[in-house]
Every structure is written in C-alpha cells, then in structure tokens.
Amino acid sequence: MNGATQGNQRACGEHCAMSAQPTLRVSAIDSHTGGEPTRVVIGGGPDLGTGPLSVRAAQLDREFADFRRAVVNEPRGNDVLVGAILVEPTLASCGAGVIFFNTVGTLGMCGHGTIGLMATLAHLGRAQPGPMDIETPVGVVTATLHDAHCVSVRNVPSFRHSKGVRVNVEGIGNVTGDVAWGGNWFFITEDHGHALELNQVERLTQITKQIRAALERDGVTGADGAIIDHIELNAPSPTAGVGGRNFILCPGGAYDRSPCGTGTSAKLACLFADGKLAEGQVWRQESIVGSVFEGSVEVHNGKIVPTIRGTAYVTAEAELILDPDDPFVHGFSAT
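The rules behind each value
Residues numbered from 1 in each chain as written. Predicted model: local features only at pLDDT ≥ 70, side-chain atom pairs only at ≥ 80, totals over all residues. Heavy atoms only, no water. Helix = DSSP H or I, 4+ residues; strand = E, 2+ residues; numbered from the N terminus. Rg over C-alpha atoms; globule rule 2.2 N^0.38 Å. Contact = heavy atoms within 4.5 Å. Areas by Shrake-Rupley, 256 points an atom, 1.4 Å probe, with all protein chains shown as cover. Lys, Arg positive; Asp, Glu negative; His and termini not counted. Charge placed at Lys NZ, Arg CZ, Asp CG, Glu CD. Phe/Tyr/Trp six-rings, centres within 6.5 Å; stacked < 30°, edge-to-face > 60°. Buried < 20%, exposed > 50% of the residue type's maximum accessible area, 1.4 Å probe, protein only. Lys NZ or Arg CZ within 6 Å of the ring centre and 35° of its normal. 1 Å grid on protein atoms, 1.4 Å probe; cavity = no way out; pocket = protein on both sides within 12 Å on 5 of 7 lines; lining within 4 Å. Points joined across faces, edges and corners; volume = space filled by probe spheres on them. Nonpolar A, V, L, I, M, F, W, Y, C, P; charged D, E, K, R; others polar. Core = buried A, V, L, I, M, F, W, Y, C linked by side-chain atoms within 4.5 Å. Polar contact = N/O pair within 3.5 Å; in protein donor to acceptor, adjacent residues only side chain to side chain. Disulfide = S-S within 2.5 Å.

A. Structural view of the overall build of the protein. Helices and strands together make up the secondary structure of the protein, namely 6 helices and 16 strands. What you see for the protein is a C-alpha radius of gyration of 21 Å, in line with the 20 Å of a compact globule of 335 residues. Along the first, second and third principal axes, the C-alpha set of the protein runs to 70 × 50 × 40 Å. A separation threshold of at least 6 residues defines the contact pool for the protein, and within that pool the share at least 24 residues apart is 62%. Surface accessibility of the protein: about 14,700 Å² in total, with carbon and sulfur atoms responsible for 49%. Of the side chains in the protein, 24 bear a positive and 35 a negative charge, and the two mean positions are spaced by 3 Å.

B. Representation of the packing of aromatic side chains. Scanning all chains against the criterion turns up 4 aromatic pairs. A centroid spacing of 5.7 Å and a plane angle of 85 degrees characterise the contact between Phe159 and Trp185, whose relative ring orientation is edge-to-face. Note that Phe159 is positioned in strand S9 (residues 159–169) and Trp185 in strand S11 (residues 185–189), a separation of 26 residues in sequence. Classification of Phe159 by relative accessible area gives partly exposed; the value is 34%. When the centroid spacing of 5.3 Å and the interplanar angle of 55 degrees are considered together, the rings of Trp181 and Trp185 count as tilted. Given a relative accessible area of 17%, Trp181 falls into the buried group. An aromatic cluster is defined as three or more aromatic residues linked by ring pairs; in this entry it consists of Phe159, Trp181 and Trp185. Geometry around Tyr255 places Arg257 over its ring, the cationic atom sitting 3.8 Å from the centre.

C. Fine view of empty space enclosed by the protein. Counted according to the given criterion, the structure contains 2 cavities of 30 Å³ or more. In this structure, the largest cavity spans a volume of roughly 160 Å³. Around the largest cavity, the lining comprises 22 residues; the ones closest to its centre are Glu36, Val82, Leu107, His230 and Cys250. At the level of secondary structure, the elements contributing two or more residues to the lining of the largest cavity comprise helix H4 (111–123) and helix H6 (261–273). The computed volume of the second largest cavity comes to approximately 30 Å³. Forming the walls of the second largest cavity are Met109, Gly111, Val153, Asn155, Gly261, Ser265 and Ile308. For the lining of the second largest cavity, a count of residues per class yields 3 nonpolar, 4 polar and no charged.

D. Representation of the nonpolar core within the structure. Residues Met118, Phe187 and Ile211 are the most contacted members of the largest nonpolar core, which totals 57 residues. With 6 residues, the single largest contributor to this core is helix H5 (residues 201–217).

E. Here's a closer look at the environment of His112. In this fold, His112 is placed in helix H4. Along the sequence, His112 and Cys260 sit 148 residues apart, while their C-alpha atoms lie 6.1 Å from each other. Look past the residues within four positions of His112 in its chain and what remains in contact with it is Thr33, Glu36, Pro37, Thr38, Val82, Ser258, Gly261 and Phe293. In this structure the side chain of His112 is engaged in a polar contact, spanning 3.0 Å, whose partner is the side chain of Thr38.

F. Molecular detail of the state of the cysteines. Taken as a whole and assessed by the stated rule, the structure comprises 0 disulfides. Unpaired in terms of disulfides, Cys94 finds its nearest cysteine sulfur in Cys110, a separation of 17 Å. Its relative accessible area of 8% is what places Cys94 among the buried residues. Cysteine Cys250 remains unbridged, with the sulfur of Cys260 as its closest cysteine sulfur at 6.0 Å. On the accessibility criterion, Cys250 (14% relative accessible area) is buried.

Structure below.
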C-alpha cells in the first residue's frame, strides 16, 4: 500500500462517523436563458412561512444561508448559477412567488431567471401560454409564456437614479456612468475604452470589479444607500438590427451570459430618460456571448415600466443530495 493511499484512507477515516442528521433531497429543474443558467427549487426547500416575500428573502439569507449555498455553490453549482425557490405568493392574483439567489445572497429580481422560471413551469405542466403574475421581493412582475421557450416579462418600474456619475478607477482613470434601477442596482457606462468581446472576458471582469470597488470607496450608492452590486459596460453591437452589446458583472463576481433582464431594464430607463427611446419602441440588447433580448417601455402612472422578451430551455431535472457527512455539503465559493 503506497503512502498516498494510506493518507487518503486516514483522511477518509476522519469523516466516517455517521451524522444523526438526515440526508436531504432537493428537487430542482435547471434551464438556461440566453446562456445564463437558472436552477429552480421545486421541492425540499426550507419552510419560509407566509409573510411578505421581502421578509422571506431576508429569512432565507439569515437562517438558511447554508441551503442557498448548497444549491448554487460548488461542487453542485458554480458562481454563474442563479437559484430560485418557489414559494406561495401573498397575493391571490399571483400564480407563483419566487425568491432568486446566487452564491453571495438573495436578489431583488432576476429577469433571465423569470424567463427560465416560466420555461420550467411550462415543462412541469404548471403554466399555459398566456400571462401570469409572479410575486418577487421587490414587487409583482407579469410573465407571458408565448410558447414552451419564449417568454416576455413586464418588470417592476425602472428608473435612472443619477446621471453622469464620475469615479476615478485605479489603473483606468476617470469613468463616467449612470446609476439606475431595473430590479437590481446598476452602474451603466460606455466610458471604458474596451472591446466587448468574449475573448476579453478576463480583462472585462477585472475592469468591472475595479469600477465596483471605486464606487464603494467613494460612497456612490443607489436610493437609500443601496449597494450598487451590478456593473454594466455598454458598447455598439456589430450585429445588424441590434441596439447595443453589454458586459455585466454580477454580485458574485461572475459575468452574465445573457443580456440581463434587470440590466436591460435599467438601460431602457436611461435611454428613455435621455429621449433616445420612444414609448413602445423595441430595443434589442445583445450579451457578450451573442444572445439577444428584446425590450421596450411603457409609461404607467408616471413610471417607466420595461418589458423584456427572451428564450429559455430546460437542461436538466435534478435531485440534489445534501448528505450531512459530506464536508462540502454546503458548498464553497472563491467569492
């Protein structure tokens, strides 16, 4: 028996005591929307009660962070994966309630995730073509299933909070952009001087992390001191008929493979505020991987309400096994 084998046996022996806790089994459906993955928990999740979804989301973060990490962190997930847990809505008009989360916490809303959720519900036979109101921690959105894959999402009202915000970014210099809300908080800029190409992902990730650090350093926030946790670089798209291309850094440090539903919503709000987009006019937004969302806005009660349209495909039906004897049962993440 060689030394490596002996060492492995000794390491294994340290974990061989049986836990008194039961093994948990979590049912989930995986999908991708424009290349960005979503994992919807449909069974085996924690009991979050029946309170407002904002309260239940805080409870998920506070009391069940280990469950959240187990679902989306490595080794079962990765930094790109967005999780969603189906919950009972508080409003009778809503067909579902959902709380989105990633490797670092819960999300207010998730556009690509809502599209993926509807494709998942269609796959399960729980959604038919037509509209469905869905309750999220930041309000009700209306998702319309056009077919098994195509979904449009009428998002929460979106707006530009600050225009022309300038920050000095280490190693880059001054960068100017807008702070906007689209269901999450974004700093949106075209003032970056880099090509938005897939082979530049490493450099673009570094730049956006530096911008986010500069915003935090300078105390630049959203409304009521909210942290700006998404950074969006914009540039013209080389694709005919597409208005722009984006690169978006998400809270966990991964980039969005889709054009980002909440990011596109924030961008539409800025375009409308600048008079560059008319009510009802379609804007096509391309992601760094080449997938496209269609977006438009309407003005309702004086507020800008975006609608985003994209496609999602179910990729797996899964049963996650959470064995309490597994030293990585709650996952791990570099971020």
